[in-house]
Structure formats: structure tokens, C-alpha cells
Amino acid sequence: MMALVITVYSLPASGQKDSSGIYLTATDFRQGKLSYAINYTIEKHKIKDNLLFNESEVKVKHRGNIYALKKKDIYGYRDTKGIDFRFLDNKACQVLNKTDKLILYELQTPTSIGGKGNFKFISTFYFSKDIQSTPQPLTKANLKAAYPGNHKFHDALEVTFKDDNDLSAFDSFHNKFKVVHVLEMNQ
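For clarity, every value in this text was computed on a predicted model and none was experimentally measured.

Rules used throughout
- Think of each chain on its own: its residues are numbered from 1, step by step along the sequence as written.
- Per-residue local features of the predicted model are confined to residues with pLDDT of at least 70, and side-chain atom pairs are confined, for both listing and counting, to 80 or more; whole-chain, interface and lining totals are unaffected and use all residues.
- The basis for every side-chain value is the complete set of non-hydrogen atoms in the structure, without hydrogens or water.
- Only DSSP runs of H or I reaching four residues or more are called helices, and only runs of E reaching two or more are called strands; each is numbered from the N terminus.
- Under the scheme applied here, a residue whose accessible area is under 20% of the maximum for its type counts as buried, over 50% as exposed, and between as partly exposed, the area being computed with a 1.4 Å probe on protein chains only.
- Each pair of strands is called paired provided DSSP finds at least two bridges between the two strands.
- Lines are fitted to the C-alpha atoms to define the axes, a helix being fitted only along its stretch in contact, and any angle between axes, read from their N-to-C directions, falls within 0 to 180 degrees.

### Looking at unusual backbone geometry
Excluding glycine, a negative phi dihedral is what most residues carry, and trans is how most peptide bonds are arranged.
Consideration 1: Phi is positive for Asp89, close to 50°, though the residue is something other than glycine.
Consideration 2: Secondary-structure assignment places Asp89 in the loop between strand E7 (84-88) and strand E8 (91-95).
Consideration 3: With a phi angle near 65°, Asn90 is a residue other than glycine that sits in the positive phi range.
Consideration 4: By secondary structure assignment, the location of Asn90 is in the loop between E7 and E8.
Consideration 5: Judged by relative accessible area, which is 31%, Asn90 ranks as partly exposed.

### Description of the pairing of strand E9 (residues 103-112)
Consideration 1: The pairing of E8 with E9 spans two bridges and is classified as antiparallel. Note on E9: the bridge partner recorded for Val95 is Tyr105.
Consideration 2: Of the strand pairs in this sheet, E9 and strand E10 (residues 119-128) are connected by ten bridges, and their pairing is antiparallel. Among the inter-strand pairings, Ser112 is bridged to a residue of E10, identified as Phe119.
Consideration 3: Linkage of E9 to E10, two consecutive antiparallel strands, is achieved through a turn of six residues, within which Gly114 is found at a positive phi near 60°.

### Quick notes on the sheet that holds E10
Consideration 1: The antiparallel open sheet is built from eight strands, whose spatial order is E2-E1-E6-E7-E8-E9-E10-E11. Strand pairing shows two members of the sheet lacking a second neighbour, strand E2 (35-39) and strand E11 (136-137), which therefore form its edges.
Consideration 2: Of the strand pairs in this sheet, strand E1 (residues 19-23) and strand E6 (residues 76-78) are connected by three bridges, and their pairing is antiparallel. Directly across from Ile22, in E6, lies its bridge partner Tyr77.

### Let's talk about the sheet that holds strand E4 (residues 57-62)
Consideration 1: Strand order in the open sheet made by the three strands is E3-E4-E5, with antiparallel pairing throughout. Looking at strand neighbours, the two that pair on one side only are strand E3 (45-48) and strand E5 (65-70), the edges of this open sheet. Within the sheet, the average angular offset between the axes of one strand and its neighbour, ignoring direction, is 15°.
Consideration 2: Here E4 runs beside E5; their pairing, made up of six bridges, is antiparallel. The partner of Val58 across the bridge, within E5, is Leu69.

Spelled out as C-alpha cells, the structure:
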């Protein structure tokens, strides 16, 4: 009689799609390795990045303990909705895409409108050539400076985008940001 043994391995929180935690480094981000990680469908914790009196810290409530981490010392985090953020000047920018060629980020800033308690979010877009590079404002001039020898890309930027505001457009046909597609087609 032959017995069939099946071993089931559970993935660490960093390998699960329902995970939340802190990316300590750019390499951790690339590898999907989260510290202070949980599976948010069955566990609870809090990551607070917008502290009123100390904008330079992130507080993580993890398994009953509270940890204060300096934003300048960590790369970013994944929230309990599965959205990744990277820190730029102590502000959390949402990572819009994960590619090795051109990464886009969005910073939403609340702006007061029309009086007391009324505000809306204004989006500012950034990019980096890779996960290690410091994000910079998403402009045609900055893109050209980031890819100085790619004149096909420079020309395509001028033909494809009327102004800098168009650079954050999403291309639903190709299912990616248009500027990323333009770069890929002109390398």
C-alpha cells in the first residue's frame, strides 16, 4: 500500500496578496518583503503615516506593540487595501505602477476650498527611472533629463503629449500609463 503525503506550506505575509506592512528598503519593495507584516483579512494592525505633530515618523501598531519608524529610514508601506506607498520628503506617494523602466507616483494633498471644513485633494505626479532613484516631478523636461540619450523617446514625448498635465494619462487599451507605453515603444 502506497501513501501519498502532501505537505502544505503557508506563505509568509509578504508573499500573500492580502498582506500589509512596511518596506524597509527598495530591495524589500522589489521582492515584496514586508516587515511588521500581517494578512489583513484575518489580522489587524494600523499604519499611521500622517501624524499631526510628527510628520517625519510612521507609527505601526503591530500585534499589540507600537513602533515609531523614521520615514527617512524606510522605503514605504503597503496599506490594508493592498496599495503601495513610497515616502518622498516625509509624504506618502502612492505607487501607481511597478515596472523596471519607469515608476509613477501620485501625491494627494488636501486643499481648502470655499471655506471652513471644505477641501478637495489635488494630485501631483512624480516618476523615477527605477525603484532606487529619487522620485522627481513628472514633466517632459525631467523625463528627457532622466533618459538623456533616448532621442526617440524625447521626440515621442513631444508628439504624444500636449503638455505636462497629459503625462499622467492612463492608456486603457494597453492597460498601462501612456508615458510608460511610449517609453517602452521608443527604446
